[in-house]
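Summary of structural features
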Amino acid sequence: MEEKNKFRTCKKCRFYSSVYVEYAITFQKQKIGICVQTKDIVQADDRCEQFLSRPQQTKAATLEHLDFVIRDIEVLENIFYDYKD
């Protein structure tokens, strides 16, 4: 069980929110963050019992989406090349 939990750090949890420091030109990510579940300040490598992995985000392109894109490209082609229907 210990082996399984060693990869469950706060930075991979869905409740972890990173802290950034604002500089003159850029932002810098810090090694601390806020746990939204426990409302505590935590290190990125900490572990706790409330760990839940982040939801997987998938991007799908359906045929309907592709049809819309093709139609938009045809309209742009007609505008740029001044085609007449």
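For the structure given in this document, a descriptive report is provided here. (Residues numbered from 1 in each chain as written. Predicted model: local features only at pLDDT ≥ 70, side-chain atom pairs only at ≥ 80, totals over all residues. Heavy atoms only, no water.)

Concerning the overall build of the protein
Within the protein, the regular secondary structure consists of 2 helices and 3 strands. In sequence order, the protein lays out its α and β elements as α-β-β-β-α. Across the 85 residues in the protein, those meeting the buried criterion constitute 12%. Within the protein, counting contacts between residues at least 6 apart in sequence, those at least 24 apart form 45% of the total. As presented, the protein carries roughly 8,100 Å² of accessible surface, and 54% of it is formed by carbon and sulfur atoms. (Helix = DSSP H or I, 4+ residues; strand = E, 2+ residues; numbered from the N terminus. Buried < 20%, exposed > 50% of the residue type's maximum accessible area, 1.4 Å probe, protein only. Contact = heavy atoms within 4.5 Å. Areas by Shrake-Rupley, 256 points an atom, 1.4 Å probe, with all protein chains shown as cover.)

A closer look at a nonpolar patch on the surface
A grouping of V75, L76, I79, F80 and Y81 is seen on the molecular surface, where their side chains present a nonpolar patch of about 580 Å² in accessible area. Tracing the sequence through the fold places F80 in helix α2 (residues 63-81). (Patch = residues over 30% accessible without salt bridge, like charges linked within 9 Å, V, L, I, M, F, W, Y side chains within 5 Å. Salt bridge = Lys/Arg side-chain N within 4 Å of Asp/Glu carboxyl O.)

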